[in-house]
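# Observations on the three-dimensional arrangement
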Amino acid sequence: MFLPAKMAFGTVAYFSMEIGLQPEIPTYSGGLGVLAGDTLRSAADLGVPMVGVTLLHRQGYMRQYLDAQGNQTESPEVWNPAEVLEPVPHSVTVTLEDRQVQIRAWRYVLRGTNGHAVPVYFLDTAVDGNSPFDQTITDNLYGGDQYYRLCQEVVLGIGGVALLRVLGYENHLIYHMNEGHSALLTLPLLERQVATAGSGFPTDQDIEAVRRHCVFTTHTPVPAGHDKFPWEIVRQVLGPGRTAFLEEARCCMQGSLNMTYLALRFSRYINGVAMRHGEISTGMFPGYPVNAITNGVHAATWTAPALAELYDRHIPEWRLDNFYLRYAIGIPLHEIQQAHLQAKQALLAVVRQRTGIELAEKTLTLGFARRATAYKRQDLLFTDLERLRWLAQQIGPFQIIYGGKAHPQDLGGKDMIRRVFAAAQALADAVPVVYLENYDMALGKLMCAGVDLWLNTPLRPQEASGTSGMKAALNGVPSFSVLDGWWIEGHVENVTGWSIGNSSYPPEDYTHDANSLYEKLERVILPLFYGRPERYAQVRRSTIALNGSFFNTQRMLSQYVMNAYEVQGRVLDRQPDD
Ligand SMILES: *Cc1c(COP(=O)(O)O)cnc(C)c1O
């Protein structure tokens, strides 16, 4: 890798409301958390000085149950932190209204390929002496009302800064806000700056001083994805003093505190998570230059055992340096086919165990797993059931494996799941469709590696990046996707997969996208898979070489170092007489 031996910046404090470290720590809901975990794993591998801060989420995200019609119900995914985390002796307090809320912390240590350690701290308010309500603040990820949510964000942002201080992290920390949930961390930084400068109220210089320490990554072009709190709730929770402070720093917009704007205002470097997402975000936030660093996935984590064993034999350097995946282009096709077959067998065995359904090993298998929500359009494939049936019977058989949870309050997402179930019933005679319950990191790994084609049909331009297609690519599984998010960059037709639709049609033209999907299945993908298996294997191989070698968090984190952290480091390290 091209990282400097000694990095010219202090430790990066990476704040994220959710972090996906391992399936046994259910404190993540989806892409944002998995990305956070992968980022920290790569920091450990690359020796980037980093520390993670998140909330404990004692109730987990949730366990999903689906009945025969696809109605989703949930229960807490209760877990025992003491089994996987180590308690930290330090504690801190934050003020909520007029209450002093105690926060303790738990630590998880990630170790990289060379042994470099990256600690992750989980904040926990279930402390004797806190009120019964306050003890629940760190229980539920994305649960509760706005009051609850703001309390959580105070604990994460303000409590997190306080914890790092008592743990002895130096002042030259770079604070990386992974999404706006942690933006309140800027408040104690500003208060400290104002106290040091002695001005009594925030000046432009004070704001500039805080900005030099902060980096912000925004993750969604969907406006509802950006947290906003009515000013009354802000005043109630933070108290009049801190609220006035935020007002003086001009953070009040249209009667509310917008966490995205708070993060934008106080960050020196701002980025979106794919090139197109950077452009869209620039349009959304006039006055703020939004850069782009495209997401990745942690290669060793997301590569199935059979493929990892293959890479270990042919390109053993790939674990330390993911660029070596480029040379997968020299691996014999039959070995790639063989490794993929093993990954497919592992997935089909789990399908059998969980559902009793026996899927055929030789049949083209499509995978679709992501958060169930309206814009992801889980049902686009089922626009014309007759045509789908005709394709399976006249051109070549195929089967589909679905997974994904809807947020408990996302009724549109729950409806999507029901529609997949209804289509599955209607197609039962021609196209096997299974929906696996309780999608999590373990199932994600099996699915992304074990299918033959990874399907993605979001409504443009709402998919900021998407990362499951990158996991598939690492395993030699091509994508079949609407050109949005990372796929705009990763797509090479017939080489890394296939596109669905094109941008000359309005995104809401579902029929156009559905037609394009059916036509490509009919004319290109099914004939290739059954008629020219060698050519299909070549697509697998070029997918690994072109996309596996690039869309990983090793490349991504190197870009954060070069573009976001290092530049910042130079500024921070500059001596007065430079
Ligand atoms: C990778 C992953 C995601 C994110 O997938 P997208 O393609 O970005 O939607 C969500 N959930 C789990 C469990 C994952 O492993």
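Residues numbered from 1 in each chain as written. Predicted model: local features only at pLDDT ≥ 70, side-chain atom pairs only at ≥ 80, totals over all residues. Heavy atoms only, no water.

### Points about the nonpolar core
Grouped together as the largest cluster of nonpolar side chains are 64 residues, with contacts concentrated most on Phe15, Tyr175, Leu184, Leu257 and Leu262. For this core, the element with the highest residue contribution is helix α4 (residues 146-166), accounting for 10 residues. Setting aside residues up to four positions removed in sequence, Leu262 forms contacts with Ala183, Leu184, Thr186, Leu246, Cys251 and Leu257. Membership of the second largest hydrophobic core comes to 41 residues, among which are Leu364, Leu391, Tyr402 and Leu427. (Core = buried A, V, L, I, M, F, W, Y, C linked by side-chain atoms within 4.5 Å. Buried < 20%, exposed > 50% of the residue type's maximum accessible area, 1.4 Å probe, protein only. Helix = DSSP H or I, 4+ residues; strand = E, 2+ residues; numbered from the N terminus. Contact = heavy atoms within 4.5 Å.)

### Comments concerning helix α15 (residues 441-450)
In terms of burial, α15 is largely enclosed, as 7 of its 10 residues are buried. Listing the buried residues of α15 in full gives Met441, Leu443, Gly444, Met447, Cys448, Ala449 and Gly450. N-capping of α15 is provided by Asp440, with a side-chain oxygen placed 3.2 Å from the backbone N of Ala442. (Polar contact = N/O pair within 3.5 Å; in protein donor to acceptor, adjacent residues only side chain to side chain.)

### Observations concerning the environment of Val101
Mapped onto the fold, Val101 is located in strand β6 (residues 99-111). Between the alpha carbons of Val101 and Tyr288 there is a distance of 35 Å; along the sequence they are 187 residues apart. Apart from residues no more than four positions distant in its own chain, Val101 is found in contact with Val92, Thr93, Val94, Leu96, Thr125, Asn130 and Asp134.

### Let's talk about the layout of surface pockets
Taken as a whole, the second largest pocket spans an internal volume of roughly 350 Å³. Forming the boundary of the second largest pocket are Gln337, His340, Leu341, Lys344, Glu361, Lys362, Asp452, Phe529, Tyr530, Pro533, Tyr536 and Arg540. For the lining of the second largest pocket, the secondary structure elements donating two or more residues are α12 (333-355), α18 (510-531) and α19 (533-548). For the lining of the second largest pocket, the element with the highest residue contribution is α12, accounting for 4 residues. (1 Å grid on protein atoms, 1.4 Å probe; cavity = no way out; pocket = protein on both sides within 12 Å on 5 of 7 lines; lining within 4 Å. Points joined across faces, edges and corners; volume = space filled by probe spheres on them.)

### Brief notes about empty space enclosed by the protein
Taken as a whole, this structure holds 2 cavities of 30 Å³ or more when the rule is applied. Val161, Leu164, Arg165, Tyr169, Glu170, Asn171, Leu173, Tyr175 and Arg192 are the residues that line the largest cavity. When residues of the lining of the largest cavity are assigned to their parent elements, the largest contribution, 3 residues, is made by α4. Within the lining of the largest cavity, the residues separate by chemical class into 5 nonpolar, 1 polar and 3 charged. Considering the residues around the second largest cavity, the lining is formed by Trp454, Asn456, Gly469, Ser479, Ser481, Trp486 and Trp487. Secondary structure elements with two or more residues in the lining of the second largest cavity: β18 (453-456) and β19 (479-482). (Nonpolar A, V, L, I, M, F, W, Y, C, P; charged D, E, K, R; others polar.)

### Overview of the site of the ligand
Taken together, 13 residues lie around the ligand, and Lys376, Gly466, Thr467, Ser468 and Lys471 are the ones closest in. Separating an oxygen atom of the ligand from a side-chain N or O atom of Lys376 is a distance of 3.2 Å. For the ligand, an oxygen atom lies 2.5 Å from a polar atom in the side chain of Ser468. In the complex, 95% of the free accessible area of the ligand, which totals 390 Å², lies under the protein chains. At the level of secondary structure, the elements contributing two or more residues to the shell around the ligand comprise α1 (31-46) and α16 (468-474). Split into classes, the residues belonging to the shell around the ligand amount to 4 nonpolar, 5 polar and 4 charged. For the shell around the ligand, the two domains that each supply at least three residues are domain 1 (11-296 + 556-573) and domain 2 (299-551). (Near = heavy atom within 4 Å. Areas by Shrake-Rupley, 256 points an atom, 1.4 Å probe, with all protein chains shown as cover. Domains from an automatic or database assignment.)

### What about the packing of aromatic side chains?
According to the stated counting rule, one finds 19 aromatic pairs in the structure shown. Here Tyr261 and Tyr288 contribute two aromatic rings whose centre-to-centre distance is 6.2 Å and whose plane-to-plane angle is 65°, an arrangement assigned as edge-to-face. Of this pair, Tyr261 sits in helix α8 (residues 259-265) while Tyr288 sits in the loop between α9 (275-284) and β14 (291-292), placing them 27 residues apart in sequence. Ring geometry for Tyr311 and Trp318: centres 5.3 Å apart, planes at 80°, overall edge-to-face. Side by side, Tyr311 and Trp318 carry an identical accessibility label, which is buried. Each member of the aromatic cluster is reached from another via a ring pair, and the members are Phe368, Phe382, Tyr402, Phe421 and Tyr435. Stacked on the ring of Phe368, the Lys or Arg Arg370 has its end atom at 4.9 Å from the ring centre. (Phe/Tyr/Trp six-rings, centres within 6.5 Å; stacked < 30°, edge-to-face > 60°. Lys NZ or Arg CZ within 6 Å of the ring centre and 35° of its normal.)

### Thoughts on the domain arrangement of the protein
Domain annotation for the protein reports domain 1 (11-296 + 556-573) and domain 2 (299-551). The C-alpha-based centres of domain 1 and domain 2 are spaced at 32 Å. Each side of the interface is counted separately: domain 1 has 38 residues, and domain 2 has 35 residues. Taking both sides of the interface into account, the surface hidden between domain 1 and domain 2 amounts to around 3,000 Å²; carbon and sulfur atoms contribute 57%. Three residues, Gln64, Leu66 and Gln72, lead the burial of domain 1 against domain 2; their summed loss comes to 17% of the area buried on that side. If you look at where domain 1 meets domain 2, you find 1 salt bridge. The partner of Lys414 in a salt bridge is Glu74, and the shortest N-O contact between them spans 2.7 Å. If you look at where domain 1 meets domain 2, you find 13 residue pairs in polar contact (both at pLDDT 80 or more). Residues that form the side of domain 1 that touches domain 2 fall into these classes: 16 nonpolar, 15 polar and 7 charged. (Buried area = accessible area lost by both parts, 1.4 Å probe. Salt bridge = Lys/Arg side-chain N within 4 Å of Asp/Glu carboxyl O.)

### Let's talk about the sheet that holds strand β11 (residues 252-253)
Reading across from one edge, β10-β12-β11 is the order of the 3 strands in this open sheet, with antiparallel pairing throughout. Unpaired on one side and paired on the other, β10 (228-230) and β11 mark the two borders of the sheet. Seen against the sheet, helix α7 (residues 231-248) touches β10, β11 and β12 (256-258) and runs at an angle of roughly 95° to β10. (Pairing = 2+ DSSP bridges. Axes fitted to C-alpha atoms, helices over the stretch in contact; angles between N-to-C directions.)

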